[in-house]
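Results of the structural survey
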Amino acid sequence: MSKILVSSLYSCTKELLTSWGVPSDQSEFISKTIVYAHQHGKHTHGITRLPIYKKKIDQGWMTPSTTPVTKIDFAAITVLDCNNGFGQVVAEQAMNVAIQKASLFGIGAAFVSNSNNFGVAGYFGELAANKGMVGIVTTAAAPAVAPEGGQKSIFGTNPICVAFPSNEGNIVLDMAVSAAARGKIRLAEKNNEKIPFGWAVDKDGKPTDDPTAALAGNMLAIGGVKGFGLAMVADLMAGLLSGSAFGGNIKPLACETDFSRHGHLFMAVNIGKLMPENEYLEKISQFIANIKGCGKPGDIYLPGERSRTKAAQNETYVDLKQKQIDDFNQLLQDNRINGTLTIAEEP
């Protein structure tokens with residue numbers, strides 16, 4: 001592991017994206033979400049995705065300049081078509097629309113079709129939480145999870161995020177419906193590491209700790225049929241209802257023969273329409289105290305609390321494995337970008 005300056009990670013990522021035809025303002029935002037992923041310890045949604053974006057753009061299956069089009073705008077509901085651009089860009093726009101709708105109607109829902117992976121769901125849930133609203137995010141991803149009793153993947157790992165504001169820091173539940181995020185298996189394969197048994201099975205349905213065999217097989221859903229049910233709901237809400245691909249027809253981000261056609265759903269709930277802000281903040285503080293009081297101090301963590309602590313520690317630099325650093329620096333060289341990631345000096 002080496003400590004990489006956050007400023008270097010951001011600037012190099014932005015320069016790469018801009019060189020691929022991504023508009024400056026969009027490359028800035030995408031780079032910000034990638035840095036967020038690494039600062040929060042979610043390295044699977046960071047720089048490892050960049051070579052995939054590059055290949056997809058070069059092959060014509062991803063648009064470097066994201067220009068969402070509003071297909072439906074009625075009361076509290078909006079549907080945006082991403083036109084096969086960057087998921088991060090349309091995700092920000094969609095959540096901001098949901099927040100605007102919630103300001104008027106108390107609740108807002110923005111559906112997105114024909115998109116790509118948007119990175120960390122929690123980032124966009126927190127856009128609402130930071131405005132004093134509840135943020136809800138889910139997405140329909142490429143097949144990775146087989147139904148209970150099935151041998152073929154049909155639903156994605158379909159993350160579900162719900163973010164609540166509080167004076168103690170946002171409560172951010174951000175989880176895949178599989179035993180682990182598929183990106184963790186890809187990262188393990190890239191780093192030549194084993195994965196824990198219980199994450200996936202191989203193509204013959206046998207438990208495996210080999211990430212390559214796992215990627216050729218199926219992910220295991222959390223809680224068996226219950227996790228499969230959650231994956232199904234996310235696929236219906238974010239895939240079918242958005243007008244995007246669904247039911248096993250979504251393509252992986254790395255697909256080299258077609259558009260991914262991911263679907264998303266972003267919702268905001270205006271707490272101020274339900275109760276005064278001060279009342280809510282007092283109640284959720286009591287809620288947090290009740291939970292923390294169930295065990296010894298320091299033993300209980302709320303969803304998102306560990307990630308928030310990690311992000312605070314990673315404000316200036318992030319830890320990256322040497323292979324990630326080497327691969328990224330090679331990507332910079334291949335794209336004729338001067339410089340390399342800057343390793344921070346030890347304090």
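A quick note: this is a predicted structure, and the numbers were derived from the prediction, not measured. (Residues numbered from 1 in each chain as written. Predicted model: local features only at pLDDT ≥ 70, side-chain atom pairs only at ≥ 80, totals over all residues. Heavy atoms only, no water.)

With respect to the side chain of T78
The line we're drawing: What counts as a helix is a DSSP run of H or I of at least four residues, what counts as a strand is a run of E of at least two, and both are numbered from the N terminus. Only heavy atoms matter for contacts: two residues are in contact if any of them lie within 4.5 Å across the pair.
Tracing the chain through its elements places T78 in strand β3 (residues 77-81). If we skip the residues at most four places from it in the chain, T78 touches T70, I72, D73, V97, K101, A109, A110 and F111.

What about the pairing of strand β7 (residues 171-175)?
To keep things clear, this is the line we draw: We treat two strands as partners when DSSP finds at least two bridges between them.
Of the strand pairs in this sheet, strand β6 (residues 160-164) and β7 are connected by five bridges, and their pairing is antiparallel. Paired with I160 across the strands is M175, a residue of β7. If you look at the hairpin formed by β6 and β7, you'll find six residues sitting between the two strands, and G169 has a positive phi there, around 110 degrees.

Thoughts on the environment of Y301
The criterion, for reference: Each residue gets one of three labels from its accessible area relative to the maximum for its type: buried under 20%, exposed over 50%, partly exposed in between, using a 1.4 Å probe on protein chains only.
Inspection of the secondary structure puts Y301 in the loop between α9 (277-292) and α10 (305-313). Look at Y301 and you get partly exposed, because its relative accessible area is 39%. In this structure the C-alpha to C-alpha distance between Y301 and I291, which are ten residues apart in sequence, comes to 8.9 Å. Each residue touching Y301, except ones within four places of it in the same chain, is listed here: K292 and R306.

Some thoughts on the pairing of β6
The sheet contact formed by strand β5 (residues 133-140) and β6 spans four bridges and is antiparallel. Residue G135 lies in a different strand from β6, and its bridge partner there is A163.

Looking at the pattern of salt bridges
Rule in force here: Salt bridge, as used here: a side-chain nitrogen of Lys or Arg that lies within 4 Å of a carboxyl oxygen of Asp or Glu.
This structure, assessed with the given rule, holds ten salt bridges. Residue K190 is joined to D327 by a salt bridge in which the shortest nitrogen-to-oxygen separation is 2.9 Å. Of this pair, K190 sits in helix α6 (residues 182-190) while D327 sits in helix α11 (residues 322-334), placing them 137 residues apart in sequence. By relative accessible area, which is 28% here, K190 ends up partly exposed. In this structure, the salt-bridge partner of K203 is D204, at a minimum N-O distance of 3.8 Å. Residue K203 is classed as exposed on the basis of its relative accessible area of 63%. Here the residues in one salt-bridge network are K190, K323 and D327, joined through shared partners.

Comments concerning the environment of H38
Turning to its location among the elements, H38 is positioned in helix α2 (residues 24-39). Take H38: its relative accessible area is 0%, and that puts it in the buried class. Put simply, H38 and Y317 are 279 residues apart on the chain and 9.5 Å apart in space, counted from C-alpha to C-alpha. Setting aside residues no more than four positions away along its own chain, H38 makes contact with L9, H43, G46, I47, N314, V318, L320 and Q324.

Some points on the packing of aromatic side chains
For the record, the criterion: Centres within 6.5 Å are what make two rings of Phe, Tyr or Trp a pair, Trp counting through its six-membered ring; a difference in plane orientation under 30 degrees is then read as stacked, over 60 as edge-to-face, and the rest as tilted. Consider the ring centre and the ring normal. A charge sits over the ring if Lys NZ or Arg CZ is within 6 Å of that centre and within 35 degrees of that normal.
In total, this model carries ten aromatic pairs according to the counting rule given. The rings of F29, Y36, F118, Y123, F124 and F266 are connected pair by pair, giving a single aromatic cluster. Positioned above the aromatic ring of Y301, the side-chain terminus of K292 is 5.6 Å from the ring centre.

Regarding the packing of helix α4 (residues 87-105) against helix α5 (residues 121-129)
Definition in use: Orientation is described by axes fitted as lines to C-alpha atoms, over the contacting stretch for helices, and by angles from 0 to 180 degrees between their N-to-C directions. Each angle gets one of four labels, with under 35 degrees taken as roughly parallel, over 145 as roughly antiparallel, 65 to 115 as roughly perpendicular, and the rest as oblique. The sense of a crossing depends on the near helix, which, turned anticlockwise from the far helix by less than a right angle, makes the crossing left-handed and, turned clockwise, makes it right-handed. Ten residue types, Ala, Val, Leu, Ile, Met, Phe, Trp, Tyr, Cys and Pro, are classed as nonpolar, four, Asp, Glu, Lys and Arg, as charged, and the remainder, Gly among them, as polar.
It is the contact of α4 with α5, at a shortest axis distance of 10 Å, that shows an interaxial angle of 25 degrees. Here α4 lies roughly parallel to α5, going by the angle between them. When the axes of α4 and α5 are compared, the crossing they make is right-handed. Only F124, G125, L127 and A128 of α5 make contact with α4, whose side of the interface consists of Q88, A91, E92, M95 and I99. Classifying every residue of the contact of α4 with α5 gives six nonpolar, two polar and one charged.

Regarding the state of the cysteines
Using the following cut-off: Two cysteine sulfur atoms form a disulfide, by the criterion used here, when they sit within 2.5 Å.
Applying the stated criterion to the full structure yields zero disulfides. C161 takes part in no disulfide bond, and the closest cysteine sulfur to it belongs to C82, at a distance of 19 Å.

Here's the deal with the nonpolar core
Quick note on the threshold: To define a nonpolar core, start from buried Ala, Val, Leu, Ile, Met, Phe, Trp, Tyr and Cys residues and group those joined through side-chain atoms within 4.5 Å.
Ranked by internal contacts, the top residues of the largest apolar core, which has 29 residues, are M95, V112, F118, F124, V137, F266 and A268. Listed by contribution, the elements that provide at least two residues to this core are α2, α4, β4 (107-115), α5, β5, β6 and β10 (262-270). With seven residues, the top contributor of residues to this core is α4. Residues within four places of F118 in sequence aside, it is in contact with G87, Q88, A91, F124, V137, T139, H264 and F266. Among the nonpolar cores identified, the runner-up in size contains 27 residues, and V6, I34, L50 and I325 belong to it.

Quick look at a nonpolar patch on the surface
What counts here: Residues enter patches when they are more than 30% accessible in relative terms and free of salt bridges; like-charged ones are connected within 9 Å and nonpolar ones (Val, Leu, Ile, Met, Phe, Trp, Tyr) within 5 Å. For the accessible areas, the method is Shrake-Rupley and the probe is 1.4 Å, while residue cover comes only from the protein chains on display.
A grouping of M232, V233, L236, M237, L240, L241 and F246 is seen on the molecular surface, where their side chains present a nonpolar patch of about 560 Å² in accessible area. As for its placement among the helices and strands, M232 is situated in helix α8 (residues 225-240). A residue is classified by how much of its surface remains accessible, and M232, at 34% relative accessible area, is partly exposed.

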